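Residues per chain are reported as follows:
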Amino acid sequence: MTQLLNGNKLAIDIRKEISKEIEKNIRNKKKRLPHLGIILLGTNSSSLTYVNSKIQECKNIGIESSLIHLPNDSSERELLKEIQKMNNNPLIDGFIVQLPLQKHINSDKIIMSINPKKDVDGFHPENFGKMSLDMKAFVPATALGILTILDRYKIEISGKHTVVIGRSRIVGRPISILMSRKNYLGNSTVTLTHSHTPNIDYYTKQADIIITAVGCPGFLTGKMIKKGAIVIDVGITIVKDGKKSFLKGDVDFNSVYGKASYITPVPGGVGPMTRIMLIKNTLMAALNNENK
Ligand code: NAD
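Residues numbered from 1 in each chain as written. Predicted model: local features only at pLDDT ≥ 70, side-chain atom pairs only at ≥ 80, totals over all residues. Heavy atoms only, no water.

### Focus on the site of the ligand
Near the ligand, the surroundings consist of 21 residues, among which R167, S168, V234, I236 and T274 are the closest. R167 places a main-chain nitrogen or oxygen 2.8 Å from an oxygen atom of the ligand. Within the side chain of T274, an N or O atom sits 2.7 Å from an oxygen atom of the ligand. Burial of the ligand by the surrounding chains reaches 71%, relative to a free accessible area of 860 Å². At 3 residues, the largest contribution of residues to the shell around the ligand is made by helix α10 (residues 270-288). Considered class by class, the residues forming the shell around the ligand number 11 nonpolar, 9 polar and 1 charged. (Near = heavy atom within 4 Å. Polar contact = N/O pair within 3.5 Å; in protein donor to acceptor, adjacent residues only side chain to side chain. Areas by Shrake-Rupley, 256 points an atom, 1.4 Å probe, with all protein chains shown as cover. Helix = DSSP H or I, 4+ residues; strand = E, 2+ residues; numbered from the N terminus. Nonpolar A, V, L, I, M, F, W, Y, C, P; charged D, E, K, R; others polar.)

Okay, here's the thing in structure tokens:
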């Protein structure tokens, strides 16, 4: 039997825990509420949806958020100016620049310009490097969400073979590093596969844990996994069917359900965990902020 890994339910539990911590360490001590800044460039519909859901999550939990929404054709210089304002604003504990950015913007330059102490997405090389070296750092929210799902469902990672599909900086690469760290919630043997990996099923069939972050609906089928595998579906693609649209994961749910031991559904799996982990990182930034 396959058990669903319910990200919605876990996110509710974690929301309550964060609210309690805010009550204890911030409200009761008469400190300022944590404040998340978001910079969004343009009107890409997926980015707008993600940003709105992050703002909603701040409201749900009762922390502050500010959105700077710049027009699509804003220059790199204009974006850097807004980043400097956020870096220098003592009332902003942490902030993110919603990715992906337009082609005329150098994303590396943008990420490098964020103060690592406020980099709640964990994409700055200082945080990414520290994470890779088992040091305390902001960890990218999706990867942290996946680890938290595995932890809360008491799924053993140590000694297991994990196959990650996709090597993006925001999902595939950080989760492959985290799963292999010499750490609690690590010690897995990790194979990182990507678009240049021939015969991916050769690897997935050997995997105890599969984490797929490709963005291709139905990519991972039941034939590609061994019985009892744990399947984490990060993919989210909007698929249109007539006038209706649906969110689809990378996993061909019907053929994998029944063969896997655990699976994250889409929607309701990794997505809600990503949003709540961003809030967790913002709380961490606020508690570290010397200006409070
Ligand atoms: P990306 O486009 O940056 O990376 C996709 C990766 O897939 C690349 O590394 C590429 O090498 C790999 N890939 C492409 N085709 C492949 C193939 N045929 N075989 C093997 N690997 C292949 O995407 P991303 O930003 O990492 O996002 C991936 C998916 O995850 C998207 O659907 C995105 O919407 C979703 N996502 C979900 C969450 C969440 O919270 N659930 C968060 C971030 C991203």
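More follows now that the structure is in view.
### Focus: the sheet that holds strand β3 (residues 64-70)
Spatial strand order, β3-β2-β4: 3 strands in an open sheet with parallel pairing. Two strands in the sheet have a free side with no partner beyond their single neighbour: β3 and β4 (94-97). Between one strand and the next, the sheet's axes are offset by a mean angle of 15 degrees, whatever the strand orientation. Bridge analysis of strand β2 (residues 35-41) against β3 gives 7 bridges, and the strand direction is parallel. By the bridge assignment, I38 is partnered in β3 with L67. Helix-sheet contacts for helix α2 (residues 45-61) involve β2, β3 and β4, and the interaxial angle to β2 is about 170 degrees. Together, β2, β3 and β4 form the strand contacts of helix α3 (residues 76-88), whose direction differs from that of β2 by roughly 180 degrees. (Pairing = 2+ DSSP bridges. Axes fitted to C-alpha atoms, helices over the stretch in contact; angles between N-to-C directions. Contact = heavy atoms within 4.5 Å.)

### Remarks on a nonpolar patch on the surface
Together, Y50, I236, I238 and L247 line one region of the surface with nonpolar side chains, adding up to about 330 Å² of accessible area. You can see Y50 is positioned in helix α2. The exposure class of Y50 is partly exposed, given its relative accessible area of 35%. (Patch = residues over 30% accessible without salt bridge, like charges linked within 9 Å, V, L, I, M, F, W, Y side chains within 5 Å. Salt bridge = Lys/Arg side-chain N within 4 Å of Asp/Glu carboxyl O. Buried < 20%, exposed > 50% of the residue type's maximum accessible area, 1.4 Å probe, protein only.)

### Examining the nonpolar core
Of all hydrophobic cores here, the largest spans 52 residues; its most connected members are I211 and I232. Top element by residues in this core is α10. It accounts for 8 residues. When near neighbours in sequence (up to four residues on either side) are disregarded, I232 contacts L5, I146, L150, I210, I211, T212, T264 and V270. (Core = buried A, V, L, I, M, F, W, Y, C linked by side-chain atoms within 4.5 Å.)

### Concerning the sheet that holds strand β5 (residues 161-165)
Judged by pairing direction, the sheet is parallel, and its 6 strands sit side by side in the order β1-β11-β8-β7-β5-β6 without closing on themselves. With partners counted over all chains shown, the strands left at the sheet margins are β1 (3-4) and β6 (189-193), one partner each. For β1 and strand β11 (residues 262-263), the ladder comprises 2 bridges, and the chain directions are parallel. For Q3, the partnering residue across the bridge sits in β11 and is Y262. The strands that helix α7 (residues 172-180) touches are β5, β6 and β7 (209-212); relative to β6, the one it contacts most, it runs at about 165 degrees.

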